[in-house]
Amino acid sequence: MTDNINRLLVVDDQEDILDFAAQVAESMDYAVALAASADEFYARLGEFGPTLIVLDLQMPGTDGIELLRYLGRRGVRVPLLISSGMDSRVLTSAERFGRSVGLDISGVLQKPLMLAEFEAVLARHRRVERVLEPLEFARAVDRGQLVLHYQPKLGRTRAGWQTCGVEALLRWDHPDLGMIYPDRFIPLAESSGLIAAATDWVLQEGVRQVGAWCAQGIDLGLAINMSPKLVTDLDFPDRLSDLLAAHGVRNSSLTLEITESAALEDPTRTMDILTRLRVKDFGLSLDDFGTGYSSLTQLYRMPFNELKIDKSLGMDLGKSREAETMVRSLVGLAHGLGLKVCAEGVETPTALDFLAEAGCDFAQGYHVGRPMPASAIADHFASVPKRLASGG
Ligand code: C2E
Ligand code: MG
Ligand code: MG
C-alpha cells in the first residue's frame, strides 16, 4: 500500500477512460490504481486500500450492480462514484441500490467524463493530512473562524425572475487548512453535539446580516439549514421571534431548511415545535427532496410550506427528460399540497427557462449565483434582474 493518503481506484473496461482518470488524478496528487476487469478490481481493492472508488456500471462479464453487491457484503465504506454512459435513470437506481446495501455512494459521473467535473470530485474528496477533531471545531466557533456565504435565491414574478432571498451556507475558515466546506465538518459537528452552538451562531449572524441589508434598502429573505434533531426545544419559536424582532426582520423573512437526516427521537415534540414555527409565520422548507433522505411521508405529515428539489435533479434539467418529468411532477405535487417549490442546482439558462415554464416558484444554482461573501451580495442584487429577466 502506498503512503499517499489519497488513493483512487478506477474500474473501467475502456483503456482511454483509465488513462484519462489516472492523468487527472495523479496531477492532483492522488495515488492511482486501475482495474480493467472485475477480477483485477477484487485484487486491487485489498492490496491498494483505496480512499475513493470510481466504478463503471457496464463491464463485460460482470455488471456494476454485482460489484456493488460484492462491496456491500464486504462492508466497504470507501466513498464511491458510479460512472456510466447509460441514461440518468439507470444511474439513479444504481445509486439507490448501492445505498440500500450500505455503500457510501457519493455521486454519479455521467460519461463521457468531463475534466472540470472530475477535477471537482477529486478536489472534494481529497483529504488533508490532518483529521479534524471536535475540540478544534469547538474552538473554531469560539474564535470566530466560522463564516457565512450567501447564495442568491430567485423568485418568479410577472416581470421575470427577481432575487428574493439568500441561503446562508456555513464555512470554516481554518487558520492552517484554508476554507473548509460543510460536507467535511457538519458530520463532525453533529456527532459531537457542537452543531447546536454552530446553528445558533448561523442564526445570529444571518439574521444580523439580513437586518443590516434591510436597513440599506435591500429586502432579502434568509434561509438557513437546520438539523431536525435540533428541533427539541419548546421555547425555540419564541426565542427566534425575539431574535428577529431585535434586528427588525419579519418572521416571514426567515425559512428553516430541514432534511430528514435520521430518525427523530421524539417526532411528536418536533411536530409540535414545527407547527408553532409555522403559526408564527416562519417558513419551513423540506431540503434535498429527491435524495432518499427526505421522504414523501414527511412532506405529507409535517407542516412544510416549501419543497426544495435536490440539486441532483436541477443539474440535469436540459440534459435528461427523466429529470424534467420528475421536476414537473414535483411542482404539481407541491402545488397540489399548497406548497411553494424551489429548484436547486440551476446551472444553465436552459434550466432556468424550463423552471419558469414548469411553474416553479424559486430557483437557486450556479447560473443564478454561487455562494458568496456578504459583501458581494449587494452588487449581485443590483445586477441580477437585468441579467436573468427571461421567463416569468
Ligand atoms: P444544501 O442546503 O442542499 O445547500 C446547497 C449546496 O449545493 C451548497 O453546498 C451549495 O454550494 C451547492 N450548490 C448550490 N448551487 C449549486 C449548483 O448549481 N451546482 C452544484 N453542483 N452545487 C450547487 P455547500 O455549501 O457545500 O453545503 C452543503 C450542505 O451542507 C448543504 O446542502 C447543507 O445541507 C449543509 N449545510 C450548509 N450550511 C449549514 C448550516 O449552517 N447548518 C447545517 N446543519 N447544515 C449546513
Ligand atoms: Mg439547504
Ligand atoms: Mg439542498
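Residues numbered from 1 in each chain as written. Chains lettered and ligands numbered in written order. Predicted model: local features only at pLDDT ≥ 70, side-chain atom pairs only at ≥ 80, totals over all residues. Heavy atoms only, no water.

Colleague: Whenever I open this one, the coordination of the magnesium ion (ligand 3) confuses me. Can you help?
Modeller: Put simply, the ideal angle at a metal is 109.5 degrees for four donors in tetrahedral geometry and 90 or 180 degrees for six donors in octahedral geometry. Those donors, Asp287 (OD), Asp288 (OD) and Glu344 (OE), are the protein atoms that reach the magnesium ion (ligand 3), and they lie 1.9 to 2.4 Å from it. Sequence spacing of the donors to the magnesium ion (ligand 3): D-D-x55-E. According to the relative accessible area criterion, Asp288 is partly exposed, its value standing at 21%. The exposure class assigned to Glu344 is buried, which follows from its relative accessible area of 10%. (Donors = N, O, S within 2.8 Å, 3.2 Å for Na, K, Ca; no water. Buried < 20%, exposed > 50% of the residue type's maximum accessible area, 1.4 Å probe, protein only.)

Colleague: Any chance you could explain the domain arrangement of the chain here in plain terms?
Modeller: Interface size is commonly expressed as the accessible area that is lost once the parts come together. Segmentation of the chain into domains returns domain 1 (7–125) and domain 2 (134–389). The centre of domain 1, based on its C-alpha atoms, is set 31 Å off from the matching centre of domain 2. Every contact between the two is made by five residues of domain 1 and, on the other side, six residues of domain 2. When domain 1 packs against domain 2, the two sides together hide about 350 Å² of surface, and 43% of this comes from carbon and sulfur. One can count zero salt bridges joining domain 1 with domain 2. Broken down by element, the residue count for the side of domain 1 that touches domain 2 peaks at three residues, all from helix α4 (residues 88–100). (Domains from an automatic or database assignment. Contact = heavy atoms within 4.5 Å. Buried area = accessible area lost by both parts, 1.4 Å probe. Salt bridge = Lys/Arg side-chain N within 4 Å of Asp/Glu carboxyl O. Helix = DSSP H or I, 4+ residues; strand = E, 2+ residues; numbered from the N terminus.)

Colleague: Got a minute to help me understand helix α5 (residues 115–125) in this structure?
Modeller: One turn of an α-helix holds 3.6 residues; hence residues three or four places apart share an orientation. Among the residues of α5, Phe118, Val121, Leu122 and His125 are the ones counted as buried. Angular distribution of buried residues about the axis of α5 spans 95°; they occupy a single face of the element. Along its buried surface, α5 packs onto β1 (7–11), α1 (15–27), β3 (52–56), β4 (80–84) and β5 (105–110). (Arc of directions from axis to C-beta.)

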